[in-house]
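Observations on the three-dimensional arrangement
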Amino acid sequence: MKHISTVGRTKEILEKHHFTFKKSLGQNFLIDSNVIKEVIHKADINENTGVIEVGPGIGSLTEHLAINAKKVLAFEIDQRLIPVLDDTLSAYDNVTVINEDILEANVPARIEEYLSDCDDIVVVANLPYYITTPILMNFLTAHLPISRYYVMMQKEVGERISASPNSKAYGSLSIAIDYYTEAKTVQHVPRTVFMPPPNVDSIIVELKTRSERKVEVDDEDSFFKLTRGAFLHRRKTILNNYQTLFLDGKKKKDEIRALFEAAGIEPVRRGESLSLEDFKKIYDAFKKSDL
Ligand code: SAM
């Protein structure tokens, strides 16, 4: 039988199950097996790999993952897709589909339950674009045993993820990603490989979890509060942004200026010019004075 990820089979499945797309859930299904095969090849998935997929849809990507990986654990929020997936993936006994919102799911417990016998755990997903950032940040901040991510997303988000300082796309997301992972763009994906075609361009991003961090931080929440604070208003200096950040009055302007100076960072700089290492200096100075 033809793969799910073809126009003909997708149309057949949608008709059989009277399925209608929900735009609000970011439902754009892959109808091109070549793109999927390329991702699976890049992700180096083999018979020892456990894969986590977010949003299997009707199973286009899931099917190829099931063929190549040891096990697949997929989270799908749309209850209407559960019987569809039961049908389309009935030939594969190594797939578990969980009908949960990925942002609410207890992922560590599910990994323990379903993937603990896999040598290597990888996330592969064509993400629901409206929640790409929270999904990735939830995974990364939870310190899960995931070695790498191959995720399809809106091009602009992918650019922010892998941006370097002094570029337009650089911001607190780039810094958080750089803290946890090594990020790179793997491939651009045209709109034509989806049904229905989305009104944005897409990109596949590779994130490799760092085994050793570039900087050591003992309180990640406070660290990211400071990185986000530097971008409250992109055109403003870090001094002015931190005045807003500490509007609770915990720190006055002079104190903030003195802390930047103690960190060796000019208070008139802008967030977009600061690297992860610069933020570590800022964090060390501010941490000493109680955040
Ligand atoms: N993987 C399929 C494919 O490539 O054809 C579908 C990808 S589609 C871009 C995103 C999928 O994520 C949809 O099936 C949607 O229902 C699901 N989804 C949306 N929000 C979700 C959430 N919060 N948790 C889990 N799945 C979600």
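Chains are numbered independently. Their residues run from 1 in the order of the written sequence. Note on the predicted model: pLDDT of at least 70 is required for a residue's local features to be given, and 80 or more for side-chain atom pairs to be given and counted; whole-chain, interface and lining totals, by contrast, use all residues.

The name an unreviewed UniProt entry gives the protein is Ribosomal RNA small subunit methyltransferase A, with Jeotgalicoccus saudimassiliensis as the organism. UniProt positions are given in the numbering used here, feature names are shortened, and annotations may be inferred rather than shown by experiment. Of the comments in the UniProt record for the protein, the one headed Sequence similarities (unreviewed entry) reads "Belongs to the class I-like SAM-binding methyltransferase superfamily. rRNA adenine N(6)-methyltransferase family. RsmA subfamily." Reading the Subcellular location (unreviewed entry) entry of the UniProt record for the protein gives the comment "Cytoplasm".

Attention now goes to the packing of helix H8 (residues 172-180) against helix H9 (residues 220-229). In the contact formed by H8 and H9, the axes pass within 9 Å of each other and the chain directions differ by 145 degrees. Crossing angle aside, the handedness with which H8 passes H9 is right-handed. Packed against H8, whose contacting residues are Ser172, Ile175 and Ala176, the element H9 presents Phe224, Thr227 and Arg228 at the interface. Under the convention adopted here, Pro, Cys and the residues Ala, Val, Leu, Ile, Met, Phe, Trp and Tyr are nonpolar, Asp, Glu, Lys and Arg are charged, and Gly plus all remaining residues are polar. Tallied by class, the residues present in the contact of H8 with H9 amount to three nonpolar, two polar and one charged. Axes here refer to lines fitted to C-alpha atoms; in helices the fit is confined to the stretch in contact. Angles between the N-to-C directions go from 0 to 180 degrees. Strands are runs of DSSP state E lasting at least two residues, helices are runs of H or I lasting at least four, and both sets are numbered from the N terminus onward. Each crossing gets its hand from how the near helix is turned against the far one by less than a right angle, where anticlockwise is left-handed and clockwise is right-handed. Contact criterion: two residues are in contact if their C-beta atoms, reconstructed from the backbone, are within 7 Å.

Before going further, it helps to spend a moment on the site of the ligand. Near the ligand, the surroundings consist of 23 residues, among which Phe29, Gly55, Gly57, Asn126 and Pro128 are the closest. Counting residues per element, the ones that place at least two in the shell around the ligand are strand S1 (29-30) and helix H3 (60-68). Among the residues making up the shell around the ligand, the classes are represented as 13 nonpolar, seven polar and three charged. As used in this record, a residue near a molecule or strand is one whose C-beta atom, placed from the backbone, is within 6 Å of it.

According to UniProt, the positions carrying the feature "domain: Ribosomal RNA adenine methylase transferase N-terminal" (unreviewed entry) are residues 35-211. Taken end to end, residues 35-211 is 34% helix and 27% strand, and its first and last C-alpha atoms sit 29 Å apart.

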